[in-house]
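Survey of secondary and tertiary structure
Here's the letter readout for the chains.
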Amino acid sequence: MVVNPGSEDVSAQPWDAVPSELADQIRPHLEPMAAEMIREIQNRVPEYARPLDETYVRTLRQAVAEALRQFVDRIGDPYGPWENTTEIYRTIGRGEAAEGRSLDPLQTALRLGARVGWRRLASEADRLGLNPQALYALGEAIFVLMDEMADAAAEGYAEAQAHAAGESERRRRRLLDLVLIDPPASPDAIADLARAAQWRLPKSVAGVALVEREDEFRAPSLPPDVLFDLHRPEPCMVVPDPEGPGRRQMLEVALRDWDAVIGPTVPLADVAKSLRWAREALALARRGVIPHRGSHLVRCADHMSTLVVFKDEDLVDALAADRLAPLSHLRPGQQDRLAETLLAWLQNGHNANEVANRLHVHPQTVRYRLRQLEELYGDQLTDPDLRFELEIVLRARHLRAQAPAQPTSS
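These lines cover the structure that appears in this document, whether it is placed above or below. (Residues numbered from 1 in each chain as written. Predicted model: local features only at pLDDT ≥ 70, side-chain atom pairs only at ≥ 80, totals over all residues. Heavy atoms only, no water.)

Looking only at helices and strands, the chain has 16 helices and 5 strands in total. Rg of the C-alpha trace for the chain: 37 Å, well past the compact-globule value of 22 Å for 410 residues, more than 25% over. C-alpha extents for the chain along the principal axes are approximately 120 × 45 × 35 Å. For the chain, with 410 residues in total, the buried portion stands at 42%. Taking all contacts inside the chain whose residues are at least 6 apart in sequence as the whole, residues at least 24 apart take part in 70%. Total accessible area on the chain is roughly 22,600 Å²; 51% of this is exposed by carbon and sulfur atoms. Put simply, the chain has 49 plus and 63 minus side-chain charges, and the middle of one group is 6 Å from the middle of the other. (Helix = DSSP H or I, 4+ residues; strand = E, 2+ residues; numbered from the N terminus. Rg over C-alpha atoms; globule rule 2.2 N^0.38 Å. Buried < 20%, exposed > 50% of the residue type's maximum accessible area, 1.4 Å probe, protein only. Contact = heavy atoms within 4.5 Å. Areas by Shrake-Rupley, 256 points an atom, 1.4 Å probe, with all protein chains shown as cover. Lys, Arg positive; Asp, Glu negative; His and termini not counted. Charge placed at Lys NZ, Arg CZ, Asp CG, Glu CD.)

Quick look at the structure:
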């Protein structure tokens, strides 16, 4: 028995039991056999019954011709080269993927072709001098070859799909880069790349800033209209129609392993601004200045005033040093109580009873503190501009006090 060097044990190969001289006997009959296979396939597989679709007809003829050629070649030399045929069927599989078709019609066609070939050879067994053992081996060889060709086509199909997915992902990353450029890229450039990436231009978008909470990386499951890149130093997303039905719930579920802030809803040309504000809010959220309130997805639009206050913290500190100077000589506990009372008074329309309800103290206690503040600030508390500035610095002071203490570096 001949064994192909370097291959696995082939003693069970069906080709060994088929007389090699049968190849020369079958070869003259290949053309009518191919015609019968093509007729059967076109009658049974609708995708190949399209006389005006040259791509399908050409693919069918190529597949049948190669299958028959390889069949007789393998009979004549069971251990001859197979790589060329494998590559042909890989190419056919890649072509089906490139055309956007399913591989099912091709695989069905291969099975039908194998059945036609087996039926014709079985009917010619006596004339060809095939004993039952050789006929059985010939039938097995037909279906083994069909499986090998189907596997090669499936490999090519999968390769093409992986390549297309990779190219689509690269285009979408380039598109994400382009829409996030500040100042924005030209609308024509964005539209061209959006078409190539099969991304429909939205009327409104929001940028999303992300940071992973878990040690193990988990990519979120997102709808195809969301542009994202989780591998850049500052992961981010661009979400079309962020105010649409179910969008917030979708993001809540998809980003459950991430701390995330969704920026304000803006036109596409302003998405870089939305993302910038989302990143600023994310930094404040991670400090605890912006509370999560039970959700790991924070809406930037709910905290715009906080962003304004913390836009330049050094400037706020300088303003606080001036506006809170009347409290500076008091003990820290006194400063805290009076600052808390003054902020509540400013935020509740200067109503002592409302302040008492908010602070959970007796109204008389509030009135006592307010008298202290009047003594410290005098007529300044009647100045609307001063009251506005006091609310800014007191709000910043309060938010910082609510945030967890940041670890100090050694």
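Quick look at the sheet that holds strand β3 (residues 236–240) now. The 5 strands are arranged β2-β3-β1-β4-β5 in an open sheet whose pairing can be described as mixed. Both edges of this open sheet fall to β2 (227–229) and β5 (297–299), since each of them pairs with a single strand only. The sheet shows a mean angle of 20° between the axes of neighbouring strands, taken without regard to direction. Here β2 pairs with β3 via 3 bridges, running antiparallel. Bridge pairing links Phe228 to Met237 in β3. Those strands touched by helix α10 (residues 271–287) are β1 (205–212), β3 and β4 (258–262), and its axis lies near 35° from that of β1. (Pairing = 2+ DSSP bridges. Axes fitted to C-alpha atoms, helices over the stretch in contact; angles between N-to-C directions.)

The next subject is the environment of Gln372. As for its position among the elements, Gln372 is in helix α15 (residues 363–377). Spatially, the C-alpha atom of Gln372 lies 8.2 Å from that of Leu338, the residues being 34 residues apart in sequence.

Bringing the packing of helix α13 (residues 332–347) against helix α14 (residues 352–359) into the picture now. For the pair α13 and α14, the least separation of the axes is 9 Å and the interaxial angle reads 125°. Comparing the axis directions of α13 and α14 gives the class oblique. Crossing angle aside, the handedness with which α13 passes α14 is right-handed. Contacts between α13 and α14 involve Glu340, Thr341, Ala344, Trp345 and Gln347 from the former and Val355, Arg358 and Leu359 from the latter. Classifying every residue of the contact of α13 with α14 by side-chain character gives 4 nonpolar, 2 polar and 2 charged. (Parallel < 35°, antiparallel > 145°, perpendicular 65-115°, else oblique. Left-handed = near helix turned anticlockwise from the far one by under 90°. Nonpolar A, V, L, I, M, F, W, Y, C, P; charged D, E, K, R; others polar.)

This model, assessed by the stated rule, comprises 30 salt bridges. Among the salt bridges present, the one from Asp182 reaches Arg276, with a minimum N-O distance of 3.5 Å. Placement of Asp182 in the loop between α7 (132–179) and α8 (187–196) and of Arg276 in helix α10 is noted, with a sequence separation of 94 residues between them. For Arg299, the salt bridge goes to Asp302, with nearest N and O atoms at 2.7 Å. (Salt bridge = Lys/Arg side-chain N within 4 Å of Asp/Glu carboxyl O.)

Of all the residues in helix α9 (residues 247–254), the buried ones are Arg247, Met250, Leu251 and Ala254. The buried residues of α9 all sit within an arc of 95° when viewed along its axis, so they share a single face. Every exposed residue of α9 that faces more than 90 degrees away from the buried side is listed here: Gln249 and Val253. The elements touched by buried residues of α9 are β3, β4 and β5. (Arc of directions from axis to C-beta.)

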